[in-house]
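If you want the building blocks of each chain, they are given just below.
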Amino acid sequence: MRRERLEPRPDWRAKVEALGLDFHTSEGEPYWWEAACYAFSAVEIDVIEAASETLHKMCLEAVDRLVEAGDFRRLAIPEPFWSWVAASWRRQDPGLYGRFDLAFDGSSPPKLLEYNADTPTALLEAAVVQWYWLEEVKKGADQFNSIHEKLIAAWGELRRRHPDTQLVHFAGVLDEPEDRRTIEYMRDVCQQGGWPTEQLDIAEIGWNGRAFTDLAERPISALFKLYPWEWLLQEKFGPHLLADPAAFIEPPWKMLLSNKAILPILWEMFPGHPNLLPAFFERDRIAGPCIEKPIHGREGEGVVQIAAGQPRLGGGERVYQALAPLPQFDGQHAVIGSWIIAGQAAGIGIREDDRPITTNASRFVPHYFT
Amino acid sequence: MESGKRSQIVGLTLVGAAFGAIELASAFPPTTLHRNLYADRAACERDYSPAQCEANSGSGSSSSGGGHGGGGYHGPYYAANRSATTASDPGPGRTGQVTRFETSARGGFGAFGRMARAVG
């Protein structure tokens, strides 16, 4: 695994914009970064793929155990929703996507930093934009990226399982450019999978006393939401979720995984596993430096490094993970985002940053392998 | 290069330039809507046009008398807050022959998202 410097395509802005990536620059700083790329060997890609499949299986085992125990207190899920979440798992409501953030230096086993099981951030970049970059810049090389094909196939399978659902609604915060584009992309692959779609802002969803409704007052029977479960549960319509008959994507049981409390739970279940870092609910279980993470933080929000012997910093529900400094390539800290689509490892996207903690401002850098 | 690890074709139908200028819902509809339920189509058509009257399938929350069951006819949704109406609002009807009305609320999701966006 190495970082290569490259000359960006002269018209890269127009090219990525044509693919929907009009948020390639944020506050004057580039987000899509093709002045470099990451190069892997086929063996290294196989290692990432195998680790991702293993972690996915471990996560499903963890969900099964949590549901069997029936107590989601440590995940800070409000008790009125526990049986509803458990029922979603017992019905085997299908999950569509998830992204493991991995620390990987090309030689040691990949280590799970966190699991983004309920937010498709950076999906368009990974599935589409870097694929077109490869076609033009590294033609003849390969890429670990069948995300697009697997998404279309997954939507097609969902369509076959729900023949009575005629329309899938997509909702999110539509005046957020990244969310809007990601929703458009998900609609695109859903439609290619055979399902008509419509989109609306999350605030436009109605409640008619029996079902959530769209702007035409039609009941919503399937809802793809780009909006965290923990927010939906706490908002005014949250209690209606318990009565609403719609199918949600991602399903409610995914909130057991899109929660950093899963990190210490995985460590409890699989202590010493080579793809995990030691993680605990208590600060004092880690003697050395560690990373403190709010269980519901996203995109690096609230994540801080704590020195050895230093007490916890934040309030509220937090977990503590042993420090695994991100490997540096050419002075950049790189994180592998490894996508799971319909239960299969499907590809990766790489984010890099000058700083050791990845945030929503960290650059997306394409990759290839030979 | 043939490989099981990459998509062979990445075709897009919605994403990209053609969808560049999406119309955003900058003005959300009124927070709460009502629609009237009538005993029969004739009663509904005294308040609304035939096209606005539909057989009631029983969806919606009853807010005034009667049960939740189907039957009868309902008119179109109108703004519950009469000071927040638009030109296209069909209004609450005038005859008073309404058996009950149903309520549809909006704006119950999205607060955290707006707050996160505002903070930054």
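None of these values were measured; they are calculated from a predicted model. (Residues numbered from 1 in each chain as written. Chains lettered and ligands numbered in written order. Predicted model: local features only at pLDDT ≥ 70, side-chain atom pairs only at ≥ 80, totals over all residues. Heavy atoms only, no water.)

Q: How should the overall build of chain A be read in this particular structure?
A: When helices and strands are counted, chain A shows eight helices and 21 strands. Its C-alpha radius of gyration of 20 Å places chain A within 12% of the 21 Å reference for a compact globule of 370 residues. Its C-alpha atoms give chain A principal-axis dimensions of roughly 55 × 50 × 35 Å. Counting all 370 residues of chain A, 62% fall into the buried class. Pairs at least 24 apart in sequence give 70% of the contacts found in chain A among residues at least 6 apart. Surface exposure of chain A reaches about 13600 Å², of which carbon and sulfur atoms provide 52%. (Helix = DSSP H or I, 4+ residues; strand = E, 2+ residues; numbered from the N terminus. Rg over C-alpha atoms; globule rule 2.2 N^0.38 Å. Buried < 20%, exposed > 50% of the residue type's maximum accessible area, 1.4 Å probe, protein only. Contact = heavy atoms within 4.5 Å. Areas by Shrake-Rupley, 256 points an atom, 1.4 Å probe, with all protein chains shown as cover.)

Q: Can you help me understand the overall build of chain B in this one?
A: If you tally the helices and strands in chain B, you get two helices and six strands. Its helices and strands taken in sequence order, chain B reads β-α-β-β-β-β-β-α from the N to the C terminus. Considering chain B as a whole, with its 120 residues, one finds that 35% of them fall into the buried category. Taking all contacts inside chain B whose residues are at least 6 apart in sequence as the whole, residues at least 24 apart take part in 70%.

Q: Even after reading the chapter, I still don't get the sheet that holds strand β15 (residues 304–306) of chain A, so can you show me in this structure?
A: Each strand in a sheet pairs with its neighbour through backbone hydrogen bonds, running either in the same direction (parallel) or in the opposite one (antiparallel). All names here are of chain A. One open sheet holds the four strands; their spatial order is β13-β16-β14-β15, and the pairing between them is antiparallel. On the outer flanks of this sheet lie β13 (279–280) and β15, each paired with one strand and no other. For strand β14 (residues 290–294) and β15, the ladder comprises three bridges, and the chain directions are antiparallel. When the sheet's bridge partners are listed, Glu 292 is paired in β15 with Val 304. (Pairing = 2+ DSSP bridges.)

Q: Please clarify how the interface of chain B and chain A should be interpreted in this entry.
A: Frequently, the measure chosen for interface size is the accessible area that the parts lose on association. Between chain B and chain A, the residue contacts involve 45 residues of the former and 62 residues of the latter. Summed over both partners, the interface of chain B with chain A comes to about 4500 Å²; 54% of that surface belongs to carbon and sulfur atoms. Per-residue buried area on chain B facing chain A is highest for Lys 5, Arg 6 and Phe 109 of chain B; these three make up 20% of the total on that side. Here Glu 217 of chain A makes a salt bridge to Arg 106 of chain B, at a shortest N to O gap of 2.7 Å. Summed over the shared surface of chain B and chain A, the number is 29 residue pairs in polar contact (both at pLDDT 80 or more). Elements supplying a minimum of two residues to the side of chain B that touches chain A: β6 (100–106) and α2 (111–119) of chain B. The element contributing the most residues to the side of chain B that touches chain A is α2 of chain B, with six residues. (Buried area = accessible area lost by both parts, 1.4 Å probe. Salt bridge = Lys/Arg side-chain N within 4 Å of Asp/Glu carboxyl O. Polar contact = N/O pair within 3.5 Å; in protein donor to acceptor, adjacent residues only side chain to side chain.)

Q: Looking at this structure, I do not really get the sheet that holds strand β4 (residues 36–40) of chain A. What am I missing?
A: Residues and elements named next belong to chain A. With mixed pairing, the three strands of this open sheet are ordered in space as β1-β4-β21. Pairing within the sheet leaves two strands with one partner each, and these edge strands are β1 (2–5) and β21 (367–369). On average, each strand axis in the sheet is inclined to that of its neighbour by 30°, with strand direction left out of account. Strands in contact with helix α2 (residues 42–69) are β4 and β21; relative to β4, the strand with the most contacts, it is inclined by about 85°. Each of β4 and β21 is contacted by helix α4 (residues 123–137), which is oriented at about 55° to β21, the strand it contacts most. (Axes fitted to C-alpha atoms, helices over the stretch in contact; angles between N-to-C directions.)

Q: Teacher, can you tell me more about the pattern of salt bridges here?
A: A side chain with one charge can pair with a side chain of the opposite charge if their charged atoms come near. All names here are of chain A. Counting across every chain of the model gives 36 salt bridges over all chains. For Glu 4, the salt bridge identified is with Lys 138, shortest N-O distance 3.1 Å. One end of the pair, Glu 4, is in strand β1; the other, Lys 138, is in the loop between α4 and α5 (147–161), and 134 residues separate them in sequence. Lys 138 shares its class with Glu 4; the two are buried. Residues Lys 225 and Asp 118 are paired through a salt bridge, measuring 2.8 Å at the closest nitrogen-oxygen approach. Residue Lys 225 is located in strand β11 (residues 222–226), and its partner Asp 118 is located in the loop between β6 (111–116) and α4; the two are separated by 107 residues in the primary sequence. One network of salt bridges, in which partners are shared, links Arg 3, Arg 5, Asp 330, Glu 352, Asp 354 and Arg 363.

Q: When you look at the confidence of the model for chain B in this model, what are you seeing that I'm missing?
A: Should pLDDT be low for a region, the predicted coordinates there are not to be read in detail. Residues and elements named next belong to chain B. Residues of chain B with pLDDT of at least 70 account for 70%, and the chain-wide mean is 76. Taken element by element, chain B is modelled with least confidence in strand β3 (residues 61–62), mean pLDDT 54, and with most confidence in helix α1 (residues 41–45), mean pLDDT 95. Across residues 17–30 the pLDDT falls below 50, and counting only partners more than four positions away or on other chains, this stretch makes 22 contacts in the model. The low-confidence segment residues 64–68, where pLDDT is below 50, has 13 contacts with residues more than four positions distant or belonging to other chains. Scored by ipTM, the complex comes to 0.89, with pTM at 0.88. (pLDDT = per-residue confidence, 0-100.)

Q: Please clarify how the state of the cysteines should be interpreted in this entry.
A: Put plainly, two cysteines are in a disulfide when a covalent bond ties their sulfur atoms together. Residues and elements named next belong to chain B. The final tally for this structure, using the stated rule, is one disulfide over all chains. Across the disulfide, Cys 44 is cross-linked to Cys 53 (sulfur-sulfur distance 2.1 Å). Measuring the twist about the S-S bond at about -90°, one finds the Cys 44-Cys 53 disulfide to be left-handed. Just as Cys 44 is buried, Cys 53 falls in that class too. (Disulfide = S-S within 2.5 Å.)

Q: I'm lost on unusual backbone geometry in this one. Help?
A: Most peptide bonds take the trans configuration, and most residues that are not glycine carry a negative phi. All names here are of chain A. At the junction of Ile 249 and Glu 250, the peptide bond is cis and its omega measures out at 0° in the coordinates. Take Glu 250: it is sitting in the loop between β12 (247–249) and α8 (262–269). With a phi angle near 75°, Ala 122 is a residue other than glycine that sits in the positive phi range. Position of Ala 122 among the secondary structure elements: in the loop between β6 and α4. At Ala 342, a position not held by glycine, the phi torsion is positive, near 50°. By secondary structure assignment, the location of Ala 342 is in the loop between β18 (332–341) and β19 (344–353). For Ala 342, a relative accessible area of 45% corresponds to the partly exposed category.

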